Amino acid sequence: MAPEVDPDHALMIEDNFADTMLVDPKRDRFPCCIVWSPLPVLSWFIPFIGHIGICREDGIILDFAGPNFVSVDNFTFGAPTRYFQCCCISPYSAEHTSEYIQNDDESASHVDTWDAALRKSIQEFQHLSYSIFTCNCHSFVANGLNRLGFQTGGWNVVNLAIFIFLKGRWVNKTSIVKTYLPALVVLGLGLIFGGGTFLMYLVIFMFVLIGWFLLGTYCFKKLIHV
């Protein structure tokens, strides 16, 4: 049976919760968000490929930045340009490290809070080698979202990349320029000096790279870590 909650107290908690969930790009605080930034060189050729991280309830960014290393509050490739706020924690979750829910068959199942799930992902990835092809920043974020059961889970490096590209919000107008201007410059110079040959090699490069992640995710499921 659910305990009764004083309406005034509940309203105060919800108001405080709403305040703490506010995104503050100037301080790089993105509570319960997935964040994204372009990668040097690689994003100049394929602008929808970038570096991704996930944020704690207090907005601090976590990202898998290298072998056995999860960076805290120091997003590896600069300030985020895109973000998506998941908003899937309860205003009461901060009061407990974890909570229990009772199913219809009255068997208890453990439910992690947002930060507790991320701590488990950090513990796992602190013992993993980094590889852009098999175990990367997308693997880390997908792992955390699966632990949380965000949108029923099933996250991998491919659907996560598509999700943030389609659903991610721009931090500001400068972020759009930061993401696409280098790609436009590289594409323009490539067409001027390389013409059709440059375009052909660019398409082949994109095909091979995207094909690797599609095969590694959906055909050889243990090849890419999540």
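Above this text sits the structure in question.
Rules behind the numbers
- Residues numbered from 1 in each chain as written.
- Predicted model: local features only at pLDDT ≥ 70, side-chain atom pairs only at ≥ 80, totals over all residues.
- Heavy atoms only, no water.
- Salt bridge = Lys/Arg side-chain N within 4 Å of Asp/Glu carboxyl O.
- Buried < 20%, exposed > 50% of the residue type's maximum accessible area, 1.4 Å probe, protein only.
- Helix = DSSP H or I, 4+ residues; strand = E, 2+ residues; numbered from the N terminus.
- Polar contact = N/O pair within 3.5 Å; in protein donor to acceptor, adjacent residues only side chain to side chain.
- Contact = heavy atoms within 4.5 Å.
- Phe/Tyr/Trp six-rings, centres within 6.5 Å; stacked < 30°, edge-to-face > 60°.
- Lys NZ or Arg CZ within 6 Å of the ring centre and 35° of its normal.

In total, this model carries four salt bridges according to the counting rule given. Residue Arg27 is joined to Asp24 by a salt bridge in which the shortest nitrogen-to-oxygen separation is 3.6 Å. Under the relative-accessibility criterion, Arg27 is labelled exposed at 52%. Overall, the relative accessible area of 25% leaves Asp24 in the partly exposed class. We note a salt bridge from Asp73 to Arg29, for which the minimum N-O separation is 2.9 Å. With Asp73 in the loop between strand 4 (69-72) and strand 5 (82-85) and Arg29 in the loop between helix 1 (7-20) and strand 1 (33-38), the pair connects residues that are 44 residues apart, well separated along the chain.

Here the focus is the side chain of Ser175. Mapped onto the fold, Ser175 is located in helix 6 (residues 173-193). Looking at Ser175, its side chain comes within polar contact range of the side chain of Asn172, at 2.9 Å. Excluding residues that lie within four positions of it along the chain, Ser175 makes contacts with Pro80, Thr81 and Trp170.

Bringing the packing of aromatic side chains into the picture now. Tallied over the full model, the rule gives 12 aromatic pairs. Look at Phe84 and Phe163: their rings are 4.8 Å apart centre to centre, the planes differ by 75 degrees, and that puts the pair in the edge-to-face class. With Phe84 in strand 5 and Phe163 in helix 5 (residues 157-167), this pair connects stretches of sequence that are 79 residues apart. Each member of the pair Phe84 and Phe163 is classed as buried. Summarising the aromatic geometry, the rings of Trp170 and Tyr180 are spaced 5.7 Å apart at their centres and angled 65 degrees between planes, so their arrangement reads as edge-to-face. Separated by 10 residues along the polypeptide, Trp170 in strand 8 (residues 169-170) and Tyr180 in helix 6 bring together distant segments of the chain. Here Tyr180 falls in the partly exposed class, since its relative accessible area comes to 26%. Grouped by ring-pair contacts, the aromatic residues Phe64, Phe125, Tyr130 and Phe140 constitute a single cluster. The ring of Trp170 has Arg82 sitting right over it, with the charged end atom 4.0 Å from the ring centre.

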